[in-house]
Amino acid sequence: MTKPELVELLKKLNIPVNEGTPNDKVIEDPEIIYFWDYYWEDLVASGKEYNTNVTYQISFLAEVPRSKNLLELKHNLNNLGLHPSIQHEYDPEKRRWHSYFALEVLENI
C-alpha cells in the first residue's frame, strides 16, 4: 500500500480525516480519523536507496465502541490482505473510544 492509497481508503468512510492532530473544527464530530508517521525504514536495493517503508499510527475516535465505520475500515483493510492489530481505550473525560493501529506503507521520502 502507498500513502495515497491509504488516504483514499480512509476518506472512503466519509468522516473527517486529518494527517497529524485532529483539526479543531472536527474534534467534536461523532467520529474522526487522524494519522501520523512515526517510523521510517529505508529500503535498499543494489546498494542504493529504493524507497522508504513508513509506519503510520491510524487513530479512530468514536462515541461508541465497534462503530460501523471502524468495522468497515477493518473489513476494507482485510480485503486488501492487511490485518493490523487494533487496540482500544476509553477516555472517560471525553466519553469517547480511541481505537488505533499501526500500518506500514511505501513512500518516496
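Scroll up a little and you will see the structure.
Residues numbered from 1 in each chain as written. Predicted model: local features only at pLDDT ≥ 70, side-chain atom pairs only at ≥ 80, totals over all residues. Heavy atoms only, no water.

Trainee: Would you mind going over the overall build of the protein chain with me for this structure?
Mentor: The helix and strand inventory of the protein chain stands at two helices and five strands. The N-to-C order of helical and strand elements in the protein chain reads α-β-β-β-α-β-β. Considering only C-alpha atoms, the protein chain reaches an extent of 50 × 30 × 25 Å along its principal axes. When burial is assessed residue by residue, the protein chain has 36% of its 109 residues classed as buried. In the protein chain, of all internal contacts separated by at least 6 residues, the share reaching a separation of at least 24 is 56%. Roughly 7200 Å² of accessible area belongs to the protein chain as shown, and the carbon and sulfur atoms make up 49% of that amount. In the protein chain, the 11 positive side-chain charges and the 18 negative ones have mean positions that sit 5 Å from each other. (Helix = DSSP H or I, 4+ residues; strand = E, 2+ residues; numbered from the N terminus. Buried < 20%, exposed > 50% of the residue type's maximum accessible area, 1.4 Å probe, protein only. Contact = heavy atoms within 4.5 Å. Areas by Shrake-Rupley, 256 points an atom, 1.4 Å probe, with all protein chains shown as cover. Lys, Arg positive; Asp, Glu negative; His and termini not counted. Charge placed at Lys NZ, Arg CZ, Asp CG, Glu CD.)

Trainee: Hey, could you run me through the pattern of salt bridges in this one?
Mentor: Pairing between side chains becomes possible if they bear opposite charge and their charged atoms approach one another. Counted by the stated rule, this structure contains one salt bridge. Measuring nitrogen to oxygen at the nearest pair gives 2.9 Å for the salt bridge that ties E19 to K3. Of this pair, E19 sits in strand β1 (residues 17-19) while K3 is found in helix α1 (residues 3-11), placing the two residues 16 residues apart along the sequence. For E19, a relative accessible area of 40% gives the class partly exposed. (Salt bridge = Lys/Arg side-chain N within 4 Å of Asp/Glu carboxyl O.)

Trainee: Please clarify how the side chain of S59 should be interpreted in this entry.
Mentor: Tracing the sequence through the fold places S59 in strand β3 (residues 48-62). Overall, the relative accessible area of 0% leaves S59 in the buried class. Side chain to side chain, S59 and H98 meet in a polar contact 2.9 Å long. (Polar contact = N/O pair within 3.5 Å; in protein donor to acceptor, adjacent residues only side chain to side chain.)

Trainee: Could you clarify how one ought to interpret unusual backbone geometry in this entry?
Mentor: Backbone phi values are negative for most residues with the exception of glycine, while trans is the configuration of most peptide bonds. A positive phi is found at N14, a non-glycine position, where the angle reads about 60°. Along the chain, N14 falls in the loop between α1 and β1. Non-glycine residue R66 carries a positive phi angle of around 50°. Inspection of the secondary structure puts R66 in the loop between β3 and α2 (68-79).

Trainee: Teacher, can you tell me more about the layout of surface pockets here?
Mentor: Size it by volume and the largest pocket reaches roughly 200 Å³. Lining the largest pocket are I27, E28, Y34, L61, E89, D91, K94, R96, W97 and H98. (1 Å grid on protein atoms, 1.4 Å probe; cavity = no way out; pocket = protein on both sides within 12 Å on 5 of 7 lines; lining within 4 Å. Points joined across faces, edges and corners; volume = space filled by probe spheres on them.)

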